[in-house]
There are 2 protein chains.
Amino acid sequence: MSTIHMEVLSPIAKPAVTSADRVLAQIQRAVVEGEIAAGSKISEPELARKFNISRAPLREALARLERCHLIERIPNAGARVVRLSYEGLLQLYQIREELEGLACRLAAEHMAIEEIEQLQELLDQHLSHQRVREGESYYQEAGDLDFHYRVILGSKNPYLINMLCDELYYLVRMYRVQMGMNGPRVSRAFDEHKAILTAIGNRDGELADLLMRRHISASRKNIEIKLAQQEK
Amino acid sequence: MSTIHMEVLSPIAKPAVTSADRVLAQIQRAVVEGEIAAGSKISEPELARKFNISRAPLREALARLERCHLIERIPNAGARVVRLSYEGLLQLYQIREELEGLACRLAAEHMAIEEIEQLQELLDQHLSHQRVREGESYYQEAGDLDFHYRVILGSKNPYLINMLCDELYYLVRMYRVQMGMNGPRVSRAFDEHKAILTAIGNRDGELADLLMRRHISASRKNIEIKLAQQEK
DNA sequence: AGTATAATTATTGTCGACAATACTGGAAAG
DNA sequence: CTTTCCAGTATTGTCGACAATAATTATACT
């Protein structure tokens, strides 16, 4: 339950040894959840006071926030939380489609049998959760992320893992939380996840790749519809 | 001549307004060219003295070097220049294949006619250079990068542009320079570039995508061969 | 009154010093 | 002689203050 929660919020366990790490995690959460509004300016002195640290570790944290596209910095002018748009979300999903397709193919090649079995257990577990708590979107959301994270980690490609988990997924979560991107697809997602996992289990990288692309593509097309609605 | 040089070293013009920017560019070059050896430790006080700046902007620069995978930092322990390996290069090219394929498809959709014409001129120009200075690998190298950069920029997807140009390509260049990845393919590359550009000009995104993937895949297979040779 | 310019204020970028942590060498114990 | 522990050294993380740049307000001029 809360294990799922924590795991999803930080897929790769980083012990947060430095104070910049701690503050980073807090600001990251605040930005993703919309506590610090999208598009709002970030004041270094203000945040430094708020978290009881100096500006040095804060700036370190801001640098990493920029890295995962949560804020934008302009030299000598300051940092702003990114603005969300259907266009931006679409551009994000275009990349996800390619990279997660690749990740899935590599996962089919490189995942250990134990990892696959654990992922299978996780899906069963999520399914029961979903049955019991029908309509509660948080578990579905967390479950979806958890599945994707594990597949990505299964690729064993460190660049790919870094790009997806550390650079893109915080923004994906920000979009989901703030634009309510948990549409009618959630029920279908489980079946698609199962199919993908089966392909991985069969070591059929090509099929796993295709299914993952289709899985993400379906979400992307939802976004395109909303974008079209907005433009007219 | 030197215009090509500069353009390739920094595809997106960033005016380097702050001292961290200047130092970043210098260290980036030094690492890519191997002036600071791969795998060597980075001493903050030493580099700070060397460039006549304080440690604050230096650390800012180091953070960005980590972002483009040129150095690795361990909390409380320090930073090291990355080590190069055929395995790492392969993982890099797996990602390039997907992302640049996508970029190429998007470029076919979004590039302005003027941009396509300019790119055509660039290819012609490079071809004549190649004929005159046969065997001089620098122009070929620069020309190749220049082509890829322009296609990526043509995608008009800011996340994609950032990931490829700012996060991956410095490392790609580092591999090319230090492992001499300018094999017998250089002569073929021009023809492949021309074919890709033709597809873009015809607004045939699907074909452009395929050709770009094949273009990069060919390089990747060269690496796989070297990796296999090394392992036996 | 509106606009352009100048002074003021606030914010960011940079610096030097201190605290906390990790590395190094040597002494003591097995 | 090897291993473990400890002290000393060096490096990284953090802090508060200063300098440089940008934003804001006030002022003067058309």
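These numbers come from a predicted model, not from an experiment.

A. View of the overall build of chain A. When you go through chain A residue by residue, the secondary structure sums to 10 helices and three strands. Its helices and strands taken in sequence order, chain A reads α-α-β-α-α-β-β-α-α-α-α-α-α from the N to the C terminus. Within chain A, residue pairs in contact and separated by at least 24 positions form 79% of the contacts whose partners lie at least 6 positions apart. Total accessible area on chain A is roughly 11,200 Å²; 51% of this is exposed by carbon and sulfur atoms.

B. View of the packing of aromatic side chains. Residue and element names in this part refer to chain A. Scanning the model with the defined rule gives two aromatic pairs over all chains in all. Judged by centre distance (5.1 Å) and plane angle (45°), the ring pair of Tyr149 and Tyr169 falls under tilted. Of the two residues, Tyr149 is situated in helix H7 (residues 137–154) and Tyr169 in helix H8 (residues 158–179); the sequence distance between them amounts to 20 residues. The pair formed by Tyr149 and Tyr169 is uniform in burial state, with each residue classed as buried. We note Arg96 situated over the ring of Tyr93; from NZ or CZ to the ring centre the distance is 4.9 Å.

C. Representation of the side chain of B:Arg220 within the structure. All names here are of chain B. Looking at the element boundaries, Arg220 is found in helix H10 (residues 205–231). By relative accessible area, Arg220 is classed as buried at 14%. Look past the residues within four positions of Arg220 in its chain and what remains in contact with it is Leu90, Tyr93, Gln94 and Glu97.

D. Layout of the sheet that holds strand E1 (residues 41–42) of chain B. Residue and element names in this part refer to chain B. With respect to topology, three strands assemble into an open sheet ordered E1-E3-E2, the strand pairing being antiparallel. Unpaired on one side and paired on the other, E1 and strand E2 (71–74) mark the two borders of the sheet. Two strands pair when backbone bridges link them, and E2 and strand E3 (residues 78–81) are joined in this way by four bridges, in the antiparallel orientation. Across the sheet, residue Ile74 finds its bridge partner in E3, namely Gly78. Strands E1 and E2 of the sheet are contacted by helix H4 (residues 55–67), whose axis makes an angle of about 115° with E2.

E. The arrangement of the relation of the copies chain B and chain A in detail. Of the two same-sequence chains, chain B is brought onto chain A (RMSD 0.0 Å, axial shift 0.0 Å) by a rotation of 180°. Expressed as a symmetry operation, the mapping of one chain copy onto the other fits a two-fold axis. In terms of C-alpha distance to the rotation axis, chain B has B:Glu98 as its closest residue, with the C-alpha 2.9 Å off the axis. Take the interface residues of chain B: 100% of them recur as interface residues in chain A, which is what a same-surface contact looks like.

F. Summary view of the interface of chain B and chain A. Between chain B and chain A, the contact holds 31 residues from the first and 31 residues from the second. Buried surface at the junction of chain B and chain A, summed over both partners, amounts to about 2,600 Å²; 58% is from carbon and sulfur atoms. Three residues stand out in chain B for area buried against chain A, namely B:Arg67, B:Glu98 and B:Tyr159, and they jointly supply 25% of the buried area on that side. Summed over the shared surface of chain B and chain A, the number is seven salt bridges.

G. Main features of the protein's contact with DNA strand C. For DNA strand C, the set of nearby residues contains 19 residues, the closest of which are A:Arg55, A:Arg59, B:Thr18, B:Ser19 and B:Ser54. Near the protein, within 4 Å, the atoms of DNA strand C are sugar or phosphate in 69% of cases. B:Thr18 places a polar side-chain atom, nitrogen or oxygen, 2.6 Å from a phosphate oxygen of DNA strand C. Note that a phosphate oxygen of DNA strand C is positioned 2.5 Å from one of the side-chain N or O atoms of B:Ser19. Mapped by element, the contributors of at least two residues to the surface near DNA strand C are strand E1 (41–42), helix H3 (44–51) and helix H4 (55–67) of chain A together with helix H2 (19–32) and H4 of chain B. The element best represented in the surface near DNA strand C is H4(B), accounting for three residues. Tallied by class, residues from the surface near DNA strand C come to eight nonpolar, six polar and five charged.

H. Summary view of the protein's contact with DNA strand D. Surrounding DNA strand D, one finds 18 residues, the nearest of these being A:Thr18, A:Ser19, A:Ser54, B:Arg55 and B:Arg59. If you look at DNA strand D and keep only atoms within 4 Å of the protein, 73% of those are sugar or phosphate atoms. One of the side-chain nitrogen or oxygen atoms of A:Ser19 is found 2.5 Å away from a phosphate oxygen of DNA strand D. In the model, a phosphate oxygen of DNA strand D is placed 3.4 Å from a nitrogen or oxygen of the B:Glu44 main chain.

Conventions adopted
- Residues numbered from 1 in each chain as written.
- Chains lettered and ligands numbered in written order.
- Predicted model: local features only at pLDDT ≥ 70, side-chain atom pairs only at ≥ 80, totals over all residues.
- Heavy atoms only, no water.
- Helix = DSSP H or I, 4+ residues; strand = E, 2+ residues; numbered from the N terminus.
- Contact = heavy atoms within 4.5 Å.
- Areas by Shrake-Rupley, 256 points an atom, 1.4 Å probe, with all protein chains shown as cover.
- Phe/Tyr/Trp six-rings, centres within 6.5 Å; stacked < 30°, edge-to-face > 60°.
- Buried < 20%, exposed > 50% of the residue type's maximum accessible area, 1.4 Å probe, protein only.
- Lys NZ or Arg CZ within 6 Å of the ring centre and 35° of its normal.
- Pairing = 2+ DSSP bridges.
- Axes fitted to C-alpha atoms, helices over the stretch in contact; angles between N-to-C directions.
- Least-squares fit on C-alpha atoms with pLDDT ≥ 70 in both.
- Buried area = accessible area lost by both parts, 1.4 Å probe.
- Salt bridge = Lys/Arg side-chain N within 4 Å of Asp/Glu carboxyl O.
- Near = heavy atom within 4 Å.
- Polar contact = N/O pair within 3.5 Å; in protein donor to acceptor, adjacent residues only side chain to side chain.
- Nonpolar A, V, L, I, M, F, W, Y, C, P; charged D, E, K, R; others polar.

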